[in-house]
Amino acid sequence: MTTVTTEDLKGLFVRIAEAMTREKDRLCELDGVIGDADHGIAMELGFSAAAKAVSELDSTAADPTLVFNTAAKSFLNAVGASSGPLYATALMRAGAAVKGKPSLNDDDMVDVFAAFAKGIQDRGKAEIGEKTMVDAWAPAAAACRAARDQGLSLAECLAAGLKAGETGAEATKSMIAAKGRSSRLGERALGHMDPGAASAVVIISCFEAHFTSE
């Protein structure tokens, strides 16, 4: 059974921020086809701000909920675009899912992952098949939960989640967008991966890598 401390969570945010810096140009390129070409910039700004804010927390006084809530506030302050409220809600839900716990175990982290995905879906009011980040997050969370229900380890659960998220993001290429700016393009958006789904896979892969290397 994994024990996840506030230091582990701080490290996770650093990992995500670094990944967004690496992936920024690719995400902006994807967004340039069907959006404003700024999604990568927004995600780098948001997670860099979140990583900086949580790194400054006193680990002896902070608990996982405070880490997630601090990340949520920082992300929202840094990103005014649509992804700001979506990820702020996701992070707040993650914090609420483990309220009062000084450290987290495998079950708690699966709860965090599920709450994260549900927060995005609830705030964005999107369903699978509408060419959004939900197409990656929802199946990833479902696969992660199903793996845990089978008694698999956190690393195995997150690996299952990543695989489902990658499949979901790939599927957005064959979808016509029902939400956001890309919905105006109709069939012209066909053949292009949704940038939000692509960045979701980046985040999920960071979860998987971080808790596999523990």
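Our structure's up above, just so we're on the same page.
In short, a report on the structure. Quick caveat: nothing in here was measured; it's all calculated off a predicted structure.

### What about the nonpolar core?
Part 1 of the argument: Counting 65 residues, the largest nonpolar core has Phe 13, Phe 47, Tyr 87 and Trp 137 as the members making the most contacts within it.
Part 2 of the argument: Contributions of two or more residues to this core are made by helix 1 (6-34), helix 2 (39-55), helix 3 (64-78), helix 4 (83-97), helix 5 (106-124), helix 6 (134-149), helix 7 (154-171) and helix 8 (195-212).
Part 3 of the argument: At 10 residues, helix 8 tops the list of elements feeding residues into this core.
Part 4 of the argument: With sequence-adjacent residues up to four places away left out, Trp 137 is seen in contact with Tyr 87, Phe 113, Phe 116, Ala 117, Ile 120, Ala 200, Ile 203 and Ile 204.

### Points about the packing of helix 2 against helix 8
What describes two packed helices is the angle between their axes and the distance between those same axes.
Part 1 of the argument: Remark: helix 2 packs on helix 8, axes separated minimally by 10 Å, with the N-to-C direction vectors making an angle of 35 degrees. Seen from above, helix 2 lies across helix 8 with right-handed handedness. Seen from helix 2, the contacting residues are His 39, Met 43 and Phe 47; seen from helix 8, they are Pro 195, Gly 196, Ser 199 and Ile 203.
Part 2 of the argument: Within the contact of helix 2 with helix 8, the residues separate by chemical class into 4 nonpolar, 3 polar and no charged.

### What about helix 4?
Part 1 of the argument: Here helix 4 spans 21 Å end to end across 15 residues, near enough to the 21 Å set by a 1.5 Å rise per residue.
Part 2 of the argument: Turning to helix 4, its buried residues are Ser 83, Gly 84, Leu 86, Tyr 87, Ala 88, Thr 89, Ala 90, Leu 91, Ala 94 and Gly 95.
Part 3 of the argument: Check the buried side of helix 4 and you find it contacts helix 1, helix 2, helix 3, helix 5, helix 6 and helix 8.

### Some remarks on the environment of Ala 114
Part 1 of the argument: Topologically, Ala 114 is positioned in helix 5.
Part 2 of the argument: Sequence spacing of Ala 114 and Ala 94 is 20 residues, and the spatial spacing of their C-alpha atoms is 8.0 Å.
Part 3 of the argument: Setting aside its immediate chain neighbours within four residues, Ala 114 contacts Ala 141 and Arg 145.

### Details of the state of the cysteines
What is meant by a disulfide is a covalent connection between two cysteines, made through their sulfur atoms.
Part 1 of the argument: Throughout the structure, instances matching the rule amount to 0 disulfides.
Part 2 of the argument: Left unpaired, Cys 28 is separated from the closest cysteine sulfur, that of Cys 206, by 17 Å.
Part 3 of the argument: Judged by its relative accessible area of 12%, Cys 28 falls in the buried class.

### A short note on the packing of aromatic side chains
Part 1 of the argument: Throughout the structure, instances matching the rule amount to 9 aromatic pairs.
Part 2 of the argument: Here Phe 13 and Phe 68 contribute two aromatic rings whose centre-to-centre distance is 6.1 Å and whose plane-to-plane angle is 70 degrees, an arrangement assigned as edge-to-face. With Phe 13 in helix 1 and Phe 68 in helix 3, the pair connects residues that are 55 residues apart, well separated along the chain.
Part 3 of the argument: Overall, the relative accessible area of 0% leaves Phe 68 in the buried class.
Part 4 of the argument: Residues Phe 116 and Phe 207 carry aromatic rings whose centres are separated by 6.1 Å and whose planes lie at 75 degrees to one another, so their mutual orientation is edge-to-face. With Phe 116 in helix 5 and Phe 207 in helix 8, this residue pair connects regions lying 91 residues apart in the sequence. Summarising the burial analysis for this pair, Phe 116 and Phe 207 share the class buried.
Part 5 of the argument: Here the aromatic cluster, defined as three or more aromatic residues joined through ring pairs, consists of Phe 47, Phe 75, Tyr 87, Phe 113, Phe 116, Trp 137 and Phe 207.

### Thoughts on the pattern of salt bridges
Part 1 of the argument: On inspection of all chains with the given rule, the structure shows 11 salt bridges.
Part 2 of the argument: With its nearest N and O atoms 2.8 Å apart, the salt bridge here joins Glu 56 to Lys 52. In this structure, Glu 56 and Lys 52 share a single accessibility class: exposed.
Part 3 of the argument: For Lys 118, the salt bridge identified is with Asp 122, shortest N-O distance 2.9 Å.

Calculation notes
- Residues numbered from 1 in each chain as written.
- Predicted model: local features only at pLDDT ≥ 70, side-chain atom pairs only at ≥ 80, totals over all residues.
- Heavy atoms only, no water.
- Core = buried A, V, L, I, M, F, W, Y, C linked by side-chain atoms within 4.5 Å.
- Buried < 20%, exposed > 50% of the residue type's maximum accessible area, 1.4 Å probe, protein only.
- Helix = DSSP H or I, 4+ residues; strand = E, 2+ residues; numbered from the N terminus.
- Contact = heavy atoms within 4.5 Å.
- Axes fitted to C-alpha atoms, helices over the stretch in contact; angles between N-to-C directions.
- Left-handed = near helix turned anticlockwise from the far one by under 90°.
- Nonpolar A, V, L, I, M, F, W, Y, C, P; charged D, E, K, R; others polar.
- Expected span 1.5 Å × (residues − 1).
- Disulfide = S-S within 2.5 Å.
- Phe/Tyr/Trp six-rings, centres within 6.5 Å; stacked < 30°, edge-to-face > 60°.
- Salt bridge = Lys/Arg side-chain N within 4 Å of Asp/Glu carboxyl O.

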